[in-house]
Amino acid sequence: MDLFVLLQYSFVQQAFVAGICVAALCAAIGLFLILRKMSLIGDGLSHVSFGAIALGLFFGVFPLYVALPVTLLAAFFILQLSQKTKMYSDAAIAIVSSLGVALGVILVSVSSGLNLSLFSYLFGNILTITSFEVYCAIFFAAATLIAIILFYQDLFYATFDPESARAAGIKVEWINLALVLVTALTVVLAVRMVGVLLVSALLVIPPVGALQVSRGFKQTLALSVALAVGAMVAGIFLSLLIDLPTGATIVVVNFAVFCGILALKKIPI
Amino acid sequence: MPIISVKNLSVVYGQNQALQNVSFEVNAGDYVGLTGPNGAGKTTLAKTLLGLVQKQSGSINLFEKDLREFRDWRKIGYLPQKGSAYNSLVPATSGEIIRLGLLGGKKFPKRFSKNDLAIVDQMLDSLNIRDLADSLFSELSGGQQQRVILARALVSNPQLLILDEPTTALDPKSRDNFFSLLETLNKENRVTIIYITHDLSSIGTHANKLLYIDKEVVYYGNFSDFKEPD
């Protein structure tokens, strides 16, 4: 198949634009999550979005309209659980995540004809996204990346040493809240593209790869975004070229890049 | 002028009374050694002064302003207990970390000027850690990390330094250098210093006041007049 011919199609162009936006977004947010030991929040929130999507399908409402507020609420709840109770954030994520999946499974079991629609959200398909979703991805990625640039020093300080950041007058609690809410929005956006099951790969693999080789926080952030965008473009191309599921191919390419970094650093696994 | 004024301060963690009716004043230029047994509330007191721990009752004034209204954080340098606060996994260079000490007085959007970078350079020189500027913090030894964090606390040229067990990771030579630096800051720049330690003798050698607490103030005054409780 001629890739240059494929690039003439608007659905392919849309996939690249939205994919690049979501990849950059996930990589930037993911770095802050990993360093706060919240790598699994993407996984947890995507499971919640699964339950919310099932709810939307069950009541005949556009699933993402339900997934968005429910996932935002879940993110807020995870933060509250981990801050107000004697529990690490991974335990809070596990609780909320399993509840999301459980509700989804119950809704699937009591309804008929839901399975097929839900299946498409489990694995996503970046080639079928709408123009509206592309505009959402562009707007949200641009807004988030600008916010990261503007609040970079506060974010960096709150990640490295939250206590001293507070002592310097930085509103660390607000930063934490903003971070989990942006993660929730990112997850809902990314679910349409790579699916519920693969979202966390976009949040985790590029930043972890960048962490292996970077020297300096800014450099790590930039490299994480670059790796994610590169893997996204390569993954979409590869999936078109050899006719593979796009979301899964993107994740495999990300993993291959990560393995390449480990090999370059001569880290034995 | 009292830099710190604490009146009837009480702090509770769940069911545990961490501090009870603590009152004292620290004046400009004081060099206070804060000590007490394990669990006496030393770190809690330091954190409460910085607004990191909520008080149950009482009042705290910093630079004659109520803590709730105090915003001039650049006047205060804080060195947390080693390893208790900072995230060593963050891939930051020492230079990036030291610059963070200048954030306290900045307004949005926070950016560093050439002058800020020059100040950081001076700090690297004065603590003799210029060679560490581009090194990853996570790759430094415990003592080197401590010096970087100290540089972050000092870089804003603070009027008050709060140091929580600052010498635990330092070898004897670095410890001597550290204390002579504190002495210079205190005597020549009139920087007010509160440092938490378990080492009573070091307070006698370096500080001019001793604050001994065990959930409440047991003693506050000159070291020479102090008799250690049984």
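The written sequence of each chain sets the order in which its residues are numbered from 1. Starting at A for chains and at 1 for ligands, labels are handed out in the order in which the entities are written. Side-chain atom pairs in this predicted model are given and counted only at pLDDT of 80 or more, local residue features only at pLDDT of at least 70, and totals for whole chains, interfaces and linings cover all residues.

**Regarding helix α10 (residues 172-194) of chain A**
Comment: elements are numbered from the N terminus, with helices defined as DSSP H or I runs of at least four residues and strands as E runs of at least two. For a helix, the expected span equals 1.5 Å multiplied by the number of residues minus one. Helix length check: α10 of chain A (23 residues) gives 31 Å between terminal C-alpha atoms against 33 Å at 1.5 Å per residue, within 8%. Positive phi shows up at Gly 195 of chain A, right after α10 of chain A, with a value of about 90°.

**Focus on the sheet that holds strand β7 (residues 160-164) of chain B**
Residues and elements named next belong to chain B. DSSP bridges decide pairing: two strands pair if at least two such bridges lie between them. One open sheet holds the six strands; their spatial order is β6-β7-β8-β3-β9-β10, and the pairing between them is mixed. Each edge of the open sheet carries a strand with a single partner, namely β6 (76-79) and β10 (217-221). With direction set aside, neighbouring strand axes in the sheet form an average angle of 10°. The strands touched by helix α1 (residues 42-49) are β3 (31-35), β7, β8 (192-196) and β9 (209-213); relative to β7, the strand with the most contacts, the crossing angle is about 145°. Orientation is described by axes fitted as lines to C-alpha atoms, over the contacting stretch for helices, and by angles from 0 to 180 degrees between their N-to-C directions. The contact criterion used is a C-beta to C-beta distance within 7 Å, with each C-beta placed from the backbone.

**Things to note about helix α4 (residues 142-154) of chain B**
Residue and element names in this part refer to chain B. Taking 1.5 Å per residue as the helical rise, α4 with its 13 residues ought to reach 18 Å, and the 18 Å between its terminal C-alpha atoms agrees with that figure. Each residue is classed by its C-beta neighbour count within 10 Å, where at least 20 other C-beta atoms makes it buried, 12 or fewer makes it exposed, and intermediate counts make it partly exposed; the C-beta atoms are placed from backbone geometry. The buried fraction of α4 is high, at 10 of 13 residues. Residues of α4 that are buried: Gln 145, Gln 146, Arg 147, Val 148, Ile 149, Leu 150, Ala 151, Arg 152, Ala 153 and Leu 154. Residues of α4 that are buried sit in contact with β6, α2 (94-100), α3 (114-126) and β7.

**Considering unusual backbone geometry**
The omega torsion of the bond from Phe 108 of chain B to Pro 109 of chain B falls at -10°, within 30 degrees of zero and hence cis. The backbone of Lys 37 of chain A sits at a positive phi, close to 55°, despite the residue not being glycine. Its location among the elements puts Lys 37 of chain A in the loop between α2 (10-35) and α3 (41-59). Even without being glycine, Asp 243 of chain A reaches a positive phi, approximately 55°. For Asp 243 of chain A, a count of 9 C-beta atoms within 10 Å translates into the label exposed.

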